[in-house]
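# Results of the structural survey
The primary structure of each chain is shown beneath.
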Amino acid sequence: MFNRMPVPDHSTHPNVNPHLSEQIAQRKPNALLPEDYVARLLTGDRVALGRAITLVESARADHQQLAEQIVAQCLPHSGKSFRIGITGAPGVGKSTFIETFGLYLLSQGRRVAVLAVDPSSQVSKGSILGDKTRMFELASQANAFVRPSPSGESLGGVARKTRETILLCEAAGYDVIIIETVGVGQSETAVHSMTDFFLLLLMPGAGDELQGIKRGIVEMADLIAINKADGERKGLAMRAKREYAGALHLFPPKSSGWSPQPVLCSAIENLGITEIWQLLLAYQELTLKNAYFQHNRTRQATFWLHESVQASLHNLFYHNERVQEQLQAVEKAVLDGSMTPFKGAALLMEKFLTPEKIE
Ligand code: GDP
């Protein structure tokens, strides 16, 4: 259970200088050293956390360098949270649910951070998940931290930044991290690969309940919560629950040893919230006992290592001057059929790997 993974008491951190905040306040922002950020972060200072995340999200080389050092120094203080992914179509009630659920967790003595993975803003120039005004009540609580998705980025970029932000939030003492996403592109897969538990939020609707939901998402879910199980929709919600219970039986057993199930809830009427948290705790207890929890984290870390290498190589390749010089011509040749894509790729690789001539 959770008490096997205690969150350190940051208020009494031995390395923290009690006068640090004053000293730092007097310094110019760009004069702050990574250790200044880290020391403040470890005390749970939300301003320092917010600023460190801004550095992680920044495209500036000096910011990235600073962010890298901050994340590295936070690493030994990270990992001690329960990372929960929540996905669902727009309108199912994700933000309402997270607000109700988050407030409940605070009442249980937890510290809750809510992050988002929303690459939609890059494509549509508008966010599906919405902006900072969401979850207003939760965001205003002392032990909660709500941060919108990094914007203007590919899914890979958003995912990497969110992963680093998770580590920062953990170092700042948040012991439940909720990562919200909407099923756009592969965003739910990205969130699944950075969380311990994956919750699919649905709402009851007319007709076939299984329609319109990607099969892969249902298969990834550790729990299906059918929200809006209130008022007129209650009957429909109960029917949906029965249908999902049947559908979930058809999937092969999960390697976590956990059997996912559907539950009913109402974020607005605050129903089913305690039951959902109890199920999450039961999952955590089971997977800590059978070692799946740690195994999954290790596997995820390896996955992200390779993802990062791929992203770096991709960047290096496409920013390489010699590649850039040839790219258009090769693309044209592939398009008009005078060159195969494989030959084109080999040619570009050769350009990429040819060492710079020294004049
Ligand atoms: P999101 O797009 O998934 O984040 O959905 P929102 O949280 O913005 O909710 C969409 C709409 O559903 C809003 O009008 C909410 O008030 C409503 N809603 C959310 N949860 C519930 C619920 O439990 N019951 C009912 N009846 N409505 C809800």
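Our subject is the structure that appears above.
Overview of the structure. Since we're looking at a predicted model, the values are computed, not measured.

## Considering the sheet that holds strand β5 (residues 197-202)
Within a sheet, neighbouring strands are paired by backbone hydrogen bonds and run either parallel or antiparallel to one another. Spatially, β3-β2-β4-β1-β5-β6-β7 is the arrangement adopted by the seven strands of the open sheet, whose pairing is parallel. Every interior strand has two partners, whereas the edge strands, β3 (144-146) and β7 (261-264), have only one. Averaged over all neighbouring strand pairs, the angle between strand axes comes to 20 degrees, with direction disregarded. Relative to strand β4 (residues 176-181), strand β1 (residues 82-87) runs parallel, the two sharing six bridges. In the sheet register, G85 faces β4, and the bridge partner there is I179. The sheet strands contacting helix α8 (residues 155-171) are β1, β2 (112-117), β3 and β4, and the helix crosses β2 at an angle near 170 degrees. On top of the sheet, helix α11 (residues 234-249) reaches β5, β6 (223-226) and β7; it is set at about 170 degrees to β7, its chief contact.

## What to know about the side chain of D222
Positionally, D222 belongs in the loop between α10 (215-220) and β6. Residue classification places D222 among the buried positions, given a relative accessible area of 5%. Dropping the residues within four chain positions of it, D222 is found in contact with D196, F197, F198, K254, W258, P260, Q261 and Y283.

## Regarding helix α15 (residues 341-353)
Given a rise of 1.5 Å per residue, 13 residues ought to cover 18 Å, and the 18 Å separating the end C-alpha atoms of α15 matches this to within 8%. Listed in full, the buried residues belonging to α15 are G344, L348 and F352. Considered in projection along α15, the buried side chains sweep an arc of 75 degrees and stay on one side of the axis. Turned more than 90 degrees off the buried face of α15, the exposed positions are F342, E350 and L353. Elements that come into contact with the buried residues of α15 comprise α13 (292-319) and α14 (321-335).

## A closer look at the site of the ligand
The full set close to the ligand counts 15 residues, and G91, K94, T96, D230 and A267 are the nearest of them. Between an oxygen atom of the ligand and a main-chain N or O atom of G93, the distance comes to 3.0 Å. Here an oxygen atom of the ligand sits 2.8 Å away from a polar atom, N or O, in the main chain of K94. Here the ligand, which alone exposes 570 Å², has 69% of that area covered by the protein. Residue classes in the shell around the ligand are distributed as five nonpolar, six polar and four charged.

## Examining the packing of aromatic side chains
Tallied over the full model, the rule gives eleven aromatic pairs. Relative to W304, the ring of F303 has its centre 5.3 Å away and its plane inclined at 85 degrees; by these criteria the two rings are edge-to-face. Overall, the relative accessible area of 39% leaves F303 in the partly exposed class. Exposure remark for W304: the relative accessible area of 7% places this residue in the buried category. Aromatic pair F317 and Y318: ring centres 5.0 Å apart, planes at 80 degrees, arrangement edge-to-face. Taken together, the ring pairs connect F82, F97, F101, F197, W258, W277, Y283 and F293 into an aromatic cluster. Note that R111 overlies the ring of Y174, its terminal NZ or CZ placed 4.3 Å from the centroid.

## Examining the pairing of β7
Bridge analysis of β6 against β7 gives four bridges, and the strand direction is parallel. Counted as the bridge partner of A225 is V263 from β7. Taken together, β6, α11 and β7 form a β-α-β motif whose crossover is right-handed.

## Observations concerning unusual backbone geometry
For K228, which is not glycine, the phi torsion reads 65 degrees and is therefore positive. Looking at the secondary structure, you find K228 in the loop between β6 and α11. According to the relative accessible area criterion, K228 is partly exposed, its value standing at 22%. Of note, A291 is a non-glycine position whose phi angle comes to about 70 degrees, a positive value. Mapped onto the secondary structure, A291 falls in the loop between α12 (273-289) and α13. What makes A291 partly exposed here is its relative accessible area of 46%.

What counts and what doesn't
Numbering of residues starts from 1 in every chain and runs along the sequence as written. With the structure being a predicted model, the display of local features is reserved for residues of pLDDT at least 70 and the display and counting of side-chain atom pairs for 80 or more, all residues being used for whole-chain, interface and lining totals. As a rule here, side-chain values come from all non-hydrogen atoms in the structure, and water together with hydrogens is ignored. A strand pair is defined by DSSP finding two or more bridges across the two strands. Here a helix means four or more residues in a row that DSSP labels H or I, a strand means two or more in a row labelled E, and each is numbered from the N terminus. An axis is simply a line fitted to the C-alpha atoms; with a helix, the fit covers only the stretch in contact. Between two such axes, the angle follows the N-to-C directions and lies from 0 to 180 degrees. We call two residues contacting when some pair of their heavy atoms lies within 4.5 Å. Summary of the burial criterion: residues with accessible area below 20% of their type's maximum are buried, those above 50% are exposed, and those between are partly exposed, where the area comes from a 1.4 Å probe applied to protein chains only. Helices are assigned an expected span. That span is 1.5 Å times one less than the residue count. What the arc describes is the spread of directions from the helix axis to the C-beta atoms. The near set for a molecule or strand comprises every residue that places at least one heavy atom within 4 Å of it. Here a polar contact is recorded for every N or O atom pair within 3.5 Å, except that within protein the pair must consist of a potential hydrogen donor and a potential acceptor, and residues adjacent in sequence are included only if both atoms are side-chain atoms. Computed by Shrake-Rupley with a 1.4 Å probe, the accessible areas treat only the displayed protein chains as cover when residues are assessed. Charged means Asp, Glu, Lys or Arg here, nonpolar means Ala, Val, Leu, Ile, Met, Phe, Trp, Tyr, Cys or Pro, and polar covers whatever is left, Gly included. Aromatic contacts are taken between Phe, Tyr and Trp rings whose centres are within 6.5 Å, Trp giving its six-membered ring; a plane angle under 30 degrees counts as stacked, one over 60 as edge-to-face, and the others as tilted. Geometrically, a charge over a ring is one whose NZ (Lys) or CZ (Arg) sits within 6 Å of the ring centre while staying within 35 degrees of the ring normal. Crossover handedness is defined by viewing with both strands directed away from the observer: a clockwise path from the first strand over the helix to the second marks the crossover as right-handed.

All quantities given are derived from atomic positions and should not be read as evidence of function.
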